[in-house]
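Residues per chain, in single letters:
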Amino acid sequence: LAQAILAQAQCTSSPSPTPRMLQPRQTFEGQYLAFPIYLCIASIANSVFLYRSLNDLRTAATGTVSQAGSQVLVCAAIAELIWVVPCFVQCAIYVAAKNNNETGQAACDIQGFYSLTSSVGSMFVGALVSWFTLEQLVVSSERSLGSWKWAGAACLLTAVILGIIPAIPGVRDNAGYTALGEGFCYWDLTADGPAVVMLLLTVTLMGITFVLNCKSVRALHLQDEVDYKAEKYTITAALVMSYFFTWILWPVASLFTLSDQSFPSGLMIAGGILGHAQALVNPLLYGWAWKRYFLEGRTAVTVKQVS
């Protein structure tokens, strides 16, 4: 009895060590390498995309469609880069370490913030590219070319504001960032509030993007002389399919929550892979194909009828 009392006194009198956020893994597990390698390749591709877009912006003549288009491309590259690069760094760290159960929320908040900010920013900028294509590269609108950089900035700023909301005290406890499974931290889509917001946001932006691209195809069809018409049809279709395949799992996850069903295994990691695939697809789709055939291939055309 005396020994038990003494042991209890020692436990209560000595302070417990502060747990570390990261704990070294006892054994190396090869499956943790695949995603960092994928993210490393995606980071390099998107970094090249950003560099080339910035260089095009630097060399473009002031007040031209080329300058405005380069500004939109820079926004697209930034939107994806702020997700893929920090996610690569974080996943690379987790190859050798893992979160402590008591302190892992900070790491989850960090991942959730840049993931939500980037994904929403990419959704907005993707719709913006479709709008720019229709207004400036297909029907030659009289809209001020200087407005597009502000539209791009507004897309990114809106995404940042939305990314901050889940971290606000009061919101964080009920609808903050959380681990949704398979190492994926994001806005808590298992809560009704975030599920409704994400469902409305993604479906609305998908609808807008689809309508804008349909109008572009119709306008191209009504024009007598258009360079690279077949290529433009193909690129427009690719833009729509890429947008839908990238973000389709977001409304799907929301519908699971709103119908009181749990997420199926693999849903979150599939969403992360598709989201990060933008960093591989966008440099080719936007940085090469769209830039070459739409932005650089823009010529004077005769329009029969555009309504």
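Residues numbered from 1 in each chain as written. Predicted model: local features only at pLDDT ≥ 70, side-chain atom pairs only at ≥ 80, totals over all residues. Heavy atoms only, no water.

Student: Teacher, can you tell me more about the environment of valine 211 here?
Tutor: On the secondary structure map, valine 211 appears in helix 7 (residues 192-221). We classify valine 211 as partly exposed; its relative accessible area is 46%. Between the C-alpha atom of valine 211 and that of tryptophan 131, which follows or precedes it by 80 residues, the distance is 9.7 Å. (Helix = DSSP H or I, 4+ residues; strand = E, 2+ residues; numbered from the N terminus. Buried < 20%, exposed > 50% of the residue type's maximum accessible area, 1.4 Å probe, protein only.)

Student: Sorry, what's going on with a nonpolar patch on the surface here?
Tutor: A contiguous nonpolar surface patch, about 560 Å² in accessible area, is contributed by Phe113, Leu157, Val160, Ile161, Ile164, Ile165 and Ile168. In terms of residues, the nonpolar patch owes the most to one element, helix 5 (residues 147-164), which gives four residues. Its location among the elements puts phenylalanine 113 in helix 4 (residues 104-138). (Patch = residues over 30% accessible without salt bridge, like charges linked within 9 Å, V, L, I, M, F, W, Y side chains within 5 Å. Areas by Shrake-Rupley, 256 points an atom, 1.4 Å probe, with all protein chains shown as cover. Salt bridge = Lys/Arg side-chain N within 4 Å of Asp/Glu carboxyl O.)

Student: Would you mind going over the nonpolar core with me for this structure?
Tutor: Across soluble globular proteins, nonpolar side chains show a tendency to be buried alongside one another. Phe132, Tyr186, Met198 and Trp290 are the most contacted members of the largest nonpolar core, which has 68 residues in total. In terms of residues, this core owes the most to one element, helix 3 (residues 65-96), which gives 14 residues. When neighbours within four sequence positions are excluded, tryptophan 290 is seen to be in contact with Gly69, Leu73, Val129, Phe132, Thr133, Leu137, Ile235, Leu239, Leu285 and Leu295. (Core = buried A, V, L, I, M, F, W, Y, C linked by side-chain atoms within 4.5 Å. Contact = heavy atoms within 4.5 Å.)

Student: I tried to follow the confidence of the model for the protein chain on my own but got confused; where do I start?
Tutor: Low-pLDDT portions of the prediction should not be read for the details of their coordinates. On average, the protein chain scores 83 in pLDDT, and the residues at 70 or more come to 84%. Here helix 1 (residues 2-13) is the element of the protein chain with the lowest mean pLDDT, 41, and helix 5 is the one with the highest, 96. Contacts for the low-pLDDT stretch residues 1-19, under 50 throughout, to residues beyond four places or in other chains number three contacts. (pLDDT = per-residue confidence, 0-100.)

Student: Where do I start with the pattern of salt bridges in this structure?
Tutor: Should their charged atoms come close, side chains of opposite charge can pair. According to the stated counting rule, one finds three salt bridges in the structure shown. Note that lysine 291 is salt-bridged to aspartate 56, the shortest N-O span being 2.5 Å. Here lysine 291 is found in helix 11 (residues 278-295), whereas its partner aspartate 56 is found in helix 2 (residues 34-59), with 235 residues between them in sequence. Residues lysine 291 and aspartate 56 agree in their burial class; the two are buried. Linking lysine 291 and glutamate 296 is a salt bridge whose minimum nitrogen-to-oxygen distance equals 3.9 Å. Residue classification places glutamate 296 among the exposed residues on the basis of a relative accessible area of 53%.

Student: What exactly am I supposed to notice about the packing of aromatic side chains here?
Tutor: Think of a pair of aromatic rings as described by two things: how far the centres are apart, and how the planes are tilted against each other in angle. One pass over the full model with this rule turns up 10 aromatic pairs. Here the aromatic rings of phenylalanine 132 and tryptophan 148 are separated by 5.1 Å at their centres, their planes lie at 85 degrees, and the arrangement is edge-to-face. Note that phenylalanine 132 is positioned in helix 4 and tryptophan 148 in helix 5, a separation of 16 residues in sequence. For the pair phenylalanine 184 and tyrosine 186, a centre-to-centre distance of 5.7 Å together with 25 degrees between the ring planes defines the contact as stacked. Taking the relative accessible area as the measure of exposure, phenylalanine 184 reaches 9% and is therefore buried. Take tyrosine 186: its relative accessible area is 1%, and that puts it in the buried class. By the ring-pair criterion, three or more aromatic residues cluster together here, those being Trp131, Phe132, Trp148 and Trp290. (Phe/Tyr/Trp six-rings, centres within 6.5 Å; stacked < 30°, edge-to-face > 60°.)

Student: How should I be thinking about the state of the cysteines in this particular structure?
Tutor: Think of a disulfide as a covalent bridge from one cysteine sulfur atom to another cysteine sulfur atom. Scanning all chains against the criterion turns up one disulfide. Two residues, cysteine 108 and cysteine 185, share a disulfide whose sulfurs are 2.2 Å apart. Here the disulfide of cysteine 108 and cysteine 185 is left-handed, its torsion about the S-S bond being about -115 degrees. In this pair, cysteine 108 is assigned in helix 4 and cysteine 185 in strand 4 (residues 185-187), connecting sequence segments 77 residues apart. (Disulfide = S-S within 2.5 Å.)

Student: Mind showing me how you'd approach the environment of serine 122 here?
Tutor: Tracing the sequence through the fold places serine 122 in helix 4. A C-alpha to C-alpha distance of 9.2 Å links serine 122 and glycine 275, two positions 153 residues apart in sequence. Those residues in contact with serine 122 that lie beyond four places of it in its chain are Ala79, Glu80, Tyr243, Trp247 and Gln278.

Student: Mind showing me how you'd approach the packing of helix 2 against helix 11 here?
Tutor: Helix-helix packing: each pair is described by the crossing angle between the helix axes and the interaxial distance. At a closest axis distance of 7 Å, the pairing of helix 2 and helix 11 adopts a crossing angle of 30 degrees. Here helix 11 runs roughly parallel to helix 2, going by the angle between their axes. Where helix 2 crosses over helix 11, the two elements pack in a sense that is left-handed. Counting all contacts with helix 2, which are made through Tyr38, Ile41, Ala42, Ala45, Asn46, Phe49, Arg52 and Asp56, the residues of helix 11 involved are Ala279, Leu280, Asn282, Pro283, Tyr286, Gly287 and Lys291. Residue classes in the contact of helix 2 with helix 11 are distributed as nine nonpolar, three polar and three charged. (Axes fitted to C-alpha atoms, helices over the stretch in contact; angles between N-to-C directions. Parallel < 35°, antiparallel > 145°, perpendicular 65-115°, else oblique. Left-handed = near helix turned anticlockwise from the far one by under 90°. Nonpolar A, V, L, I, M, F, W, Y, C, P; charged D, E, K, R; others polar.)

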